[in-house]
Amino acid sequence: MEVAGLANVDWLAPWLAPIARVGRLAAASSDWRGALNSAAAAANVHSSGGHRITFCEAGAAADEAYEAFIARTGCVPTRDDLHDFFSALIFIHFPCAKAQLNRLQADAIARDGVGAVRGSVRDAATLVDENAVLIVTARIDIVDLLCHHDWRASFVAQRAAWSSDVKVIGFGHALLHKLHRPYKAITAHALHIALAADAPLAQVDRSLADRLDEHLSPHGLMPIPVLGIPGWCAENRNAEFYSDRTVFRPAKMRRDCKAETDS
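So, a few notes on the structure that sits alongside this text.

About the thresholds
- Starting afresh in each chain, residues are numbered from 1 along the sequence in its written order.
- Only residues with pLDDT of at least 70 get local features here, since the model is predicted, and only at 80 or more are side-chain atom pairs given and counted; chain-wide, interface and lining totals rely on the full set of residues.
- As a rule here, side-chain values come from all non-hydrogen atoms in the structure, and water together with hydrogens is ignored.
- For this document, the term salt bridge refers to a Lys or Arg side-chain nitrogen within 4 Å of an Asp or Glu carboxyl oxygen.
- With a 1.4 Å probe rolled over the protein chains alone, any residue whose accessible area is under 20% of its type maximum counts as buried; one over 50% counts as exposed, and the rest are partly exposed.
- Runs of E in the DSSP output that reach at least two residues are strands. Runs of H or I that reach at least four are helices, and both are numbered from the N terminus.
- Whether two residues touch is decided by their heavy atoms; if any such pair falls within 4.5 Å, the residues are in contact.
- Strand pairing is assigned whenever DSSP identifies at least 2 bridges connecting the two strands.
- Here a pair means two rings of Phe, Tyr or Trp (six-membered ring of Trp) with centres within 6.5 Å. Their orientation is stacked below 30 degrees between planes, edge-to-face above 60, and tilted elsewhere.
- Both a distance and an angle decide whether a charge sits over a ring: NZ of Lys or CZ of Arg must be within 6 Å of the ring centre and within 35 degrees of the ring normal.

1. Considerations on the pattern of salt bridges
With the rule as written, the count across this model stands at eleven salt bridges. Salt-bridge contacts for E64 lead to R72; the nearest nitrogen and oxygen are separated by 2.9 Å. Ionic pairing is found between R79 and D84, a salt bridge with its closest N-O pair at 3.0 Å. For R79, a relative accessible area of 42% translates into the label partly exposed. By relative accessible area, which is 10% here, D84 ends up buried. Where salt bridges share partners, they join R79, D81 and D84 into one cluster.

Structure (structure tokens):
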């Protein structure tokens, strides 16, 4: 069965850059799930439980909790939609971080069960997994501006830095799905990765995994309207783009987020 919307994905979009090569190959295959499994095997991707990751039919987990099933078997139930297709691509390209997120979720489920309230660690892990962007930079000053919602200073006054000193990586698969049809108000939860902007993806993956621990909290994530990121939207070349206070909102209170090296 084909993945709905896959033929219309713009693989040149900046938020898809790290995953575009494998994404294109899988999209062009008559067996997209098999192509994803071949890519995962080539990358030696494993679950938090040490099992080789494979992307299986959507109903494989039956009544078992999704994250617990992945940790126990290495099989990732994957629907034929863009949401799960992007999730599989993130598994392949960020295996350490995805395994760590899976471990946090599976451990919490084993300890607390599956209830109406997930708790702060599972909430934060879900936000990262579904909706995160990674701000890869050694420029702590820019991260501080983002934390304080100083949008014009970070995106206009410091605009040149976003093509040299800062790299932004789309990580959350639900975010990538939303960006399939982008609109101005799309907001991600950002994590700072204190590396040079040209750091290899594998190093970014390991650094992110190290940040994802039992102290993870939703309060430490920075909200960022992603179409304000220089290079992510042609319209934001006009500084007036950032005057829309319904999207580029001022900070209501001091945030708990900090640059990674300040943590």
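The discussion continues.
2. Overview of helix α10 (residues 201-211)
Every buried residue of α10 is listed here: V204, D205, S207, L208 and A209. At its buried positions, α10 is contacted by α5 (95-112), β3 (132-137), β4 (166-170) and β5 (187-193).

3. Some details on the pairing of β3
Where burial is concerned, most of β3 is hidden: six out of the six residues are buried. On β3, burial covers both faces: A132, L134 and V136 on one face and V133, I135 and T137 on the other are all buried. Here five bridges tie β3 to β5, and the two strands are oriented parallel to one another. Considered in β5, the bridge of V133 is made with A190. Examined bridge by bridge, β3 and β4 share five bridges and lie antiparallel to one another. Bridge pairing in β4 places T137 opposite V166.

4. As for the environment of H148
Summarising the element assignment, H148 is placed in the loop between α7 (140-147) and α8 (151-157). Once the C-alpha coordinates of H148 and A251 are considered, the two residues, 103 residues apart in sequence, prove to be 6.0 Å apart.

5. Thoughts on the packing of aromatic side chains
Scanning the model with the defined rule gives 13 aromatic pairs in all. Ring geometry for F241 versus Y242: centroids 5.6 Å apart, planes at 80°, classification edge-to-face. Aromatic ring contacts, followed pair by pair, group W151, F155, W162, F241, Y242 and F248 into a single cluster. A cation over an aromatic ring shows up here: K98 above the ring of F91, its NZ or CZ 4.7 Å from the ring centre. Looking at K184, its charged tip hangs above the ring of F241, at a distance of 4.3 Å from the centre.

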